[in-house]
Amino acid sequence: MILSLYIINKAGGLVYQRDFNESLNRLSSNDYLILAGTFHSIHAITTRISPVGNSEGIELLEADGFKLHCFQTVTGIKFLLITDPAHPNTDAALRRIYRLYSDFVMKNPFYTPDMPIRAELFDQSLQRTIPSL
Amino acid sequence: MSKIISTIPGRLAANQTDTWSTGSGGRRRASILDRSLNRAQASEVNLSAFSFLFSEILQYTQNRVDGISDFEQRLNTLGFGIGVRVLELTMWREKGQPRRERRVLNVLYYIHSVVWKSLFGRPAHALEKSTDNEDEYMLIDNEPVASRFVSVPKELSQFNCNAFVAGIIEGVLHGCQCSARVTAHTVPVDGKPLRTIFLIKLSEEAVQREEQISK
């Protein structure tokens, strides 16, 4: 089960946040921004402290109640997917979401890169796709 | 190295492909102008390439207009030039003897099937005549390619980027001596959120001409 999706731009700003489960507690919008910024910093630190060179940084954070998957694109955008611990095949799911992003966000003439995403078609396509992932 | 070029004028274009091409580093690539005009299958354009270009066109245009109607008018004008050319190209590609359509309905049907197929790879979904006005027709596309990835923000909710395609229709009609005003309207129905109606309003001259031909 996919719980929520965060998209963080290359500067660490939160550009998209959406929950896919009714039972989740909503945070204030400021808290979401802090959460995204914090993860961005942790990610940057993990690339530095890695004992092997050229580390891509943190990819998975596991907890009792959830798993947090991070997928960083070559352009530095991070997709964070929070799922329940048993969720299979999140790699494919993240790639699928990345594809929706490149279709409905990047090809949308009214979107300014690195700014919060407000695209109706992106919302709709996620709504349609997420339950099947 | 010399190469023999066919001396039959009709076959010149096809055979010249290799000799005219220019390429860097010894790699020879035929440009689009060297290809035969009849090769409709190989001339498909990648949807992403089109979408990114169209997106840039919209951004470029938006920065140079004031107001939504001006914005749509500019896109319409851009499409118009394409329409005139598309008509010529599709006529050229017609099998057998190309016919020049004169009757309004034939022209519209030509747009519905041949032009749409050449532009989008499939015919349009419907062609209807308005019941309210004699001079109005509606061409309906359930999945317009131009607005497939475009989410219009709330402050521009009146804007429809299919004005560009409407301009193409206008261009084709103009080339067939049936000048008209074409506008695009998104009218969603169940399961087809992007369904777009191109409203074609014929000009007075076109209506008069049609009456004269029918006599």
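Residue positions are given per chain, counting from 1 as you read along its sequence in written order. Chains carry letters from A onward and ligands carry numbers from 1 onward, assigned in written order. Per-residue local features are limited, in this predicted model, to residues with pLDDT of at least 70; the limit for side-chain atom pairs, both in listing and counting, is 80 or more; totals at the level of whole chains, interfaces and linings are taken over all residues. The side-chain quantities take in all heavy atoms of the structure and omit both hydrogens and water.

Per an unreviewed UniProt entry, chain B is named Trafficking protein particle complex subunit, and its organism is Tieghemiomyces parasiticus. Regarding chain B, the relevant UniProt record gives this comment under Sequence similarities (unreviewed entry): "Belongs to the TRAPP small subunits family. BET3 subfamily." UniProt positions are given in the numbering used here, feature names are shortened, and annotations may be inferred rather than shown by experiment. For chain B, the Subunit (unreviewed entry) comment in UniProt is given as "Part of the multisubunit TRAPP (transport protein particle) complex."

If you check an unreviewed UniProt entry, chain A appears there as Trafficking protein particle complex subunit from Tieghemiomyces parasiticus. The Sequence similarities (unreviewed entry) comment attached to chain A in UniProt states, word for word, "Belongs to the TRAPP small subunits family. TRAPPC4 subfamily." Taken from UniProt, the Subunit (unreviewed entry) comment for chain A reads in full: "Part of the multisubunit transport protein particle (TRAPP) complex."

(A) Local environment of unusual backbone geometry. Residue and element names in this part refer to chain A. One non-glycine residue with positive phi stands out, namely N89, at about 55 degrees. Where helices and strands are cited, they refer to DSSP runs of H or I of at least four residues and of E of at least two residues respectively, numbered from the N terminus. You can see N89 is positioned in the loop between strand 5 (78-83) and helix 2 (90-104). Burial status follows relative accessibility: with a 1.4 Å probe on protein chains alone, a residue under 20% of its type maximum counts as buried, one over 50% as exposed, and anything between as partly exposed. On the basis of relative accessibility, which here comes to 59%, the residue N89 falls in the exposed class. We note that D114 has phi near 70 degrees; this positive angle belongs to a residue other than glycine.

(B) Representation of the packing of helix 4 (residues 68-93) of chain B against helix 5 (residues 104-120) of chain B within the structure. All names here are of chain B. Packing of helix 4 against helix 5 brings their axes to within 10 Å, and their N-to-C directions diverge by 90 degrees. Between helix 4 and helix 5, the angle falls in the class roughly perpendicular. Across the interface between the two elements, V86, L87, T90 and M91 of helix 4 pack against Y110, V114, V115, S118 and L119 of helix 5. Each residue belonging to the contact of helix 4 with helix 5 can be placed in one class, and the counts come to seven nonpolar, two polar and no charged. Note on definitions: angles span 0 to 180 degrees between N-to-C directions of axes, and those axes are lines fitted to C-alpha atoms, for helices only across the stretch in contact. Any angle from 65 to 115 degrees is called roughly perpendicular, while one under 35 is roughly parallel, one over 145 is roughly antiparallel, and all others are oblique. By definition in these notes, contact holds between two residues if any of their heavy atoms fall within 4.5 Å. Amino acids are sorted into nonpolar (Ala, Val, Leu, Ile, Met, Phe, Trp, Tyr, Cys and Pro), charged (Asp, Glu, Lys and Arg) and polar (every other residue, Gly among them).

(C) Summary view of the sheet that holds strand 4 (residues 196-202) of chain B. Residue and element names in this part refer to chain B. We treat two strands as partners when DSSP finds at least two bridges between them. Spatially, the four strands line up as an open sheet ordered 1-2-4-3, and their pairing is antiparallel. Two strands close off the open sheet at either side, each with one partner strand: strand 1 (126-129) and strand 3 (180-186). Each adjacent strand pair in this sheet contributes to an overall mean axis angle of 20 degrees, direction not counted. Together, strand 2 (136-141), strand 3 and strand 4 form the strand contacts of helix 6 (residues 163-175), whose direction differs from that of strand 3 by roughly 155 degrees.

(D) Just the nonpolar core, in detail. All names here are of chain B. What we call a nonpolar core is a set of buried Ala, Val, Leu, Ile, Met, Phe, Trp, Tyr and Cys residues that are connected through their side-chain atoms within 4.5 Å. Core analysis: the biggest nonpolar cluster contains 41 residues, and I111, I169, L173, F198 and I200 have the highest contact counts within it. Secondary structure elements with two or more residues in this core: helix 3 (47-62), helix 4, helix 5, strand 2, helix 6, strand 3 and strand 4. No other element matches helix 6, which puts eight residues into this core.

(E) Expanded view of the interface of chain A and chain B. Between chain A and chain B, the residue contacts involve eleven residues of the former and 18 residues of the latter. Across the chain A/chain B interface, buried area totals approximately 1200 Å², and carbon plus sulfur atoms make up 66% of it. Each reported salt bridge corresponds to a side-chain nitrogen of Lys or Arg within 4 Å of a carboxyl oxygen of Asp or Glu. Counting every contact that joins chain A to chain B gives zero salt bridges. We call two N or O atoms a polar contact when they sit within 3.5 Å, provided that within protein one can donate a hydrogen and the other can accept it, with sequence-adjacent residues counted only if both atoms are side-chain atoms. Inspection of the chain A/chain B interface yields three residue pairs in polar contact (both at pLDDT 80 or more). Here the buried area means the combined drop in accessible surface, using a 1.4 Å probe, for two parts upon being joined, counting both sides.

(F) Inspection of the layout of surface pockets at higher detail. Note on definitions: the grid is 1 Å and covers protein atoms alone; a cavity is a set of points where a 1.4 Å probe fits but cannot get out; a pocket is an open set with protein on both sides within 12 Å along at least five of seven lines; lining residues have an atom within 4 Å of a point. Grid points are joined across faces, edges and corners, and a volume is the space filled by probe spheres set on the points. There is about 1100 Å³ of room inside the second largest pocket. Going through the elements one at a time, helix 3 (120-129) of chain A together with helix 4, helix 6 and strand 3 of chain B are the ones with two or more residues in the lining of the second largest pocket. At six residues, the largest contribution of residues to the lining of the second largest pocket is made by strand 3 of chain B. The residue makeup of the lining of the second largest pocket, split by class, is 19 nonpolar, 16 polar and seven charged.

(G) View of empty space enclosed by the protein. Following the criterion strictly, the structure yields one cavity of 30 Å³ or more and no others. Approximately 50 Å³ is the volume found for the largest cavity. For the largest cavity, the full set of lining residues is K107(A), F50(B), S51(B), F54(B), V145(B), A146(B), R148(B), F149(B) and V150(B). Per-class residue counts for the lining of the largest cavity are six nonpolar, one polar and two charged.

(H) Quick peek at the pattern of salt bridges. Inspection of the entire model under this criterion finds eleven salt bridges over all chains. Close ionic contact of D123(A) with R18(A) constitutes a salt bridge, the shortest N to O distance being 3.6 Å. You can see D123(A) sitting in helix 3 and its partner R18(A) sitting in strand 2 (residues 14-19), a full 105 residues away along the chain. Each of D135(B), E136(B) and K201(B) takes part in salt bridges that share partners, so that together they form one network.

(I) Here's a closer look at the sheet that holds strand 4 (residues 67-72) of chain A. All names here are of chain A. As summarised here, the arrangement of the five strands in space is 2-1-5-4-3, forming an open sheet in which the pairing is antiparallel. With one partner strand each, in any of the chains shown, strand 2 and strand 3 (60-62) form the two edges of the open sheet. Averaged over all pairs of adjacent strands, the angle between strand axes in this sheet comes to 10 degrees, irrespective of strand direction. Pairing geometry for strand 4 and strand 5, over six bridges, is antiparallel.

(J) Layout of the packing of helix 4 of chain B against helix 6 of chain B. Residues and elements named next belong to chain B. Where helix 4 contacts helix 6, the axes come no closer than 6 Å and their chain directions differ by 45 degrees. Between helix 4 and helix 6, the interaxial angle falls into the category oblique. Of the two possible hands of crossing, helix 4 and helix 6 adopt the one that is right-handed. On helix 6, the residues that touch E72, L75, N76, L78, G79, F80, I82, G83, V84 and L87 of helix 4 are A163, F164, A166, G167, I168, E170, G171, V172, H174 and G175. Of the residues assigned to the contact of helix 4 with helix 6, the class counts are eleven nonpolar, seven polar and two charged. Here a crossing is taken to be left-handed if its near helix is turned anticlockwise relative to the far helix by less than a right angle, and right-handed if that turn runs clockwise.

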